[in-house]
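The residues making up each chain are set out below.
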Amino acid sequence: MKLRIRGNSLRLRLTKSEVLRIGACERVEETISFGGASQSRLTYALIPSRDTKEPTAQFNGSTVAVSVPEALARAWATGNEVGFEHSQAIGGGHSLKILVEKDWVCLTGRDNEDESDAYPHPHAGGSHAKCN
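For every chain, the first residue of the written sequence is number 1, and numbering continues from 1 along that sequence. Under the rules for a predicted model, residues below a pLDDT of 70 receive no local features and side-chain atom pairs below 80 are neither given nor counted, while totals for whole chains, interfaces and linings still include all residues. The side-chain values count all of the structure's non-hydrogen atoms but skip hydrogen atoms and water molecules.

Enquirer: Explain the confidence of the model for the chain here, please?
Expert: Detailed conclusions should not be drawn from predicted coordinates in areas where pLDDT is low. You can read pLDDT as the predictor saying how much it trusts each residue, on a scale of 0 to 100. Residue-level pLDDT values for the chain average 86, and 77% of them are 70 or greater. Each helix is a run of H or I in the DSSP string that is no shorter than four residues. Each strand is a run of E no shorter than two, and both are numbered from the N terminus. Summarising per-element confidence for the chain, the mean pLDDT is lowest in helix α1 (residues 16-23) (94) and highest in strand β6 (residues 63-69) (98). For residues 126-131, every residue scores under 50 in pLDDT, and the model assigns this stretch ten contacts once sequence neighbours within four places are set aside. Contacts are assigned to residue pairs with any non-hydrogen atoms lying within 4.5 Å of each other.

Enquirer: Quick question: what am I supposed to make of the sheet that holds strand β1 (residues 2-6) here?
Expert: What holds strands together in a sheet is hydrogen bonding between their backbones, with the strands either parallel or antiparallel. Paired strands are those between which DSSP finds at least two bridges. The four strands lie next to each other as β1-β2-β8-β7, forming an open sheet whose pairing is mixed. In this open sheet, the two edge strands, each paired with only one partner strand, are β1 and β7 (83-91). Within the sheet, the average angular offset between the axes of one strand and its neighbour, ignoring direction, is 15°. Pairing of strand β2 (residues 9-14) with strand β8 (residues 94-102) involves six bridges; the strand directions are parallel. If you follow Arg 11 over to β8, its bridge partner there is Leu 99. Lines fitted to the C-alpha atoms define the axes, with helices restricted to the stretch that makes contact. Angles between their N-to-C directions range from 0 to 180 degrees. This element, helix α2 (residues 70-78), spans β2, β7 and β8 of the sheet and lies at about 40° to β8.

Enquirer: I would appreciate a short explanation of α2 in the present structure.
Expert: For an α-helix, the turn length of 3.6 residues means that residues three or four places apart are oriented alike. Only protein chains enter the area calculation, which uses a 1.4 Å probe; residues under 20% of their type maximum are buried, those over 50% are exposed, and those in between are partly exposed. If you check which residues of α2 are buried, you get Glu 70, Ala 73, Trp 76 and Ala 77. With its buried residues spanning 135° around the axis, α2 presents them on a single face. What points out from α2, more than 90 degrees from its buried face, is the exposed set Ala 71 and Thr 78. Of the surrounding secondary structure, the elements contacted by the buried residues of α2 are β2, α1, β4 (41-49), β6, β7 and β8. By arc we mean the arc of the directions from the helix axis to the C-beta atoms, nothing more.

As C-alpha cells, this is what we get:
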C-alpha cells in the first residue's frame, strides 16, 4: 500500500492482493521506520469496519488509520471502480479528503519499483501521463 499526503488529503493506493484482503474485510497496513526507536515509526492502515458508516481517518501520533464500511470495502474490491473518496469534516470549516484507489502499473518504468502486483494501466501501449 502506498500513502500520499498533500495538503489536507490522504490517498491510499492498494495492490491487487491488498484489495483482495480489504474485500475479505481484513486490515491492511504498512510501517515506515525513521530510526531504531518505536517513536520513530509511522504506520498507516486501511481498516474495513462494521461500525463505520462512511470513510474516516484518525491519527494517534504514530498511526494514520482509515476506516471504511465493510460493505463499501467489499463492493469496491469486487467491482470495476478505480477508487472512492470521501470528505471528512475536521472542524473550523475545514475538511480532510480521503481517497482510496487501486494501484496501476506506471507508464514509465522506475528503478527498484516492484509493480508485479499492480493493476494494468488502462492507457498502457498508448500516449499519456506518467504515474505519480
